[in-house]
Amino acid sequence: MREILKVENLKKNFGNNEVLKGINFTVNKGDVVSIIGSSGSGKSTLLRCINQLEEPSSGSIYFEDKNLMDDNSDIRKARAKMAMVFQSFNLYSNLNVLKNCTIGPIKVLGVDRKEAEKKAVENLTKVGMAEYVNAKPSQLSGGQKQRVAIARALCMEPTLMLFDEPTSALDPEMVEEVLNTIIGLAKSGYTMVVVTHEMQFAKDVSSKVIFVDKGLIAEEGTPKEIFENPKEDRTREFLRKIY
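Residues numbered from 1 in each chain as written. Predicted model: local features only at pLDDT ≥ 70, side-chain atom pairs only at ≥ 80, totals over all residues. Heavy atoms only, no water.

Asker: Tell me about the layout of surface pockets, residues and numbers included.
Answerer: What the largest pocket holds in volume is close to 730 Å³. For the lining of the largest pocket, the secondary-structure elements that each account for two or more residues are helix 2 (75-80), strand 6 (82-85), helix 3 (97-107) and helix 5 (142-155). Class assignment for the residues of the lining of the largest pocket results in 14 nonpolar, 4 polar and 5 charged. When its volume is computed, the second largest pocket comes out at roughly 210 Å³. Around the second largest pocket, the lining residues are F63, E64, K66, L68, S73, D74, I75, K77, A78 and K81. (1 Å grid on protein atoms, 1.4 Å probe; cavity = no way out; pocket = protein on both sides within 12 Å on 5 of 7 lines; lining within 4 Å. Points joined across faces, edges and corners; volume = space filled by probe spheres on them. Helix = DSSP H or I, 4+ residues; strand = E, 2+ residues; numbered from the N terminus. Nonpolar A, V, L, I, M, F, W, Y, C, P; charged D, E, K, R; others polar.)

Asker: Lay out the sheet that holds strand 4 (residues 58-63) in plain terms, naming residues and giving numbers.
Answerer: Taken together, the 4 strands give an open sheet; going across it, the order is 2-1-4-5, and neighbouring strands pair in antiparallel fashion. A single partner strand is all that each edge strand has here, and the edge strands are strand 2 (17-28) and strand 5 (66-67). With 5 bridges joining them, strand 1 (residues 3-14) and strand 4 adopt antiparallel strand pairing. Bridge pairing links L5 to F63 in strand 4. (Pairing = 2+ DSSP bridges.)

Asker: Mind laying out the pairing of strand 4, listing which residues take part and the relevant values?
Answerer: Strand direction decides the pairing type here: strand 4 and strand 5, joined by 2 bridges, are antiparallel. Within strand 5, the position partnered with F63 by the bridge is K66. Here strand 4 folds back onto strand 5 in antiparallel fashion, the turn holding 2 residues, of which E64 has a positive phi close to 50°.

Asker: Quick rundown of the nonpolar core? Include the residues and the values.
Answerer: L124, V148, I150, F163 and M192 are the most contacted members of the largest nonpolar core, which totals 36 residues. At the level of secondary structure, the elements contributing two or more residues to this core comprise strand 6, helix 3, helix 4 (113-126), helix 5, strand 7 (160-164), helix 6 (172-187), strand 8 (192-195) and helix 7 (199-205). In this structure, V19, F25, M84 and L162 belong to the second largest nonpolar core, which totals 28 residues. (Core = buried A, V, L, I, M, F, W, Y, C linked by side-chain atoms within 4.5 Å. Buried < 20%, exposed > 50% of the residue type's maximum accessible area, 1.4 Å probe, protein only.)

Asker: I'd like a rundown of the packing of aromatic side chains, residues and numbers included.
Answerer: Tallied over the full model, the rule gives 1 aromatic pair. Taking NZ or CZ as reference, K12 lies 4.8 Å from the ring centre of F14, over its face. (Phe/Tyr/Trp six-rings, centres within 6.5 Å; stacked < 30°, edge-to-face > 60°. Lys NZ or Arg CZ within 6 Å of the ring centre and 35° of its normal.)

Listed below in structure tokens is the structure:
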């Protein structure tokens, strides 16, 4: 298995508040890694440190064998191959769906406009949003916006996809359509790290589940190990409350 991402002793402080206290894990090609834990445990901060939207305080992040913490690392280049899907969609409200999906490939990757549009339509088709190419984000439901955001991420042809609680801003009836989209990508072999509150998704789709508690990995393992036979009391207590 080719190693895509390796996080070593990652720490993040906000002033005196130590949010991440030494995180270690790896992601191999084709893995679907779900990160679960209580609100405030450091899950989203961990994700944002991986692609350097937050600057880690210390540690190492190896992405495709290059340490992103090195002073000479090209974080823009790495970020272009590490697509992020946010809980609040982050679509450009002034651009239609097609342009939201083509702006990255054209401006960042230097892809020809026609080629970018062709690829965008393919990816919008993949997430069931091809008929909305001319719609503005304001004309879409939350679930539709998130599916466009996923298509936009796919247009960058990423090596790794990062999802930061992709369903938490959605109405309950929208959650399933977005989860089904992500499940489809997982079955297609995309490598992803998903911060999620959706325990059934984590159990059914993940190759590995990481339980983060108070800035540390309290336990990690296969879905079967975590959900059916957790070793740690804290994991059992967390799952008892929400699953």
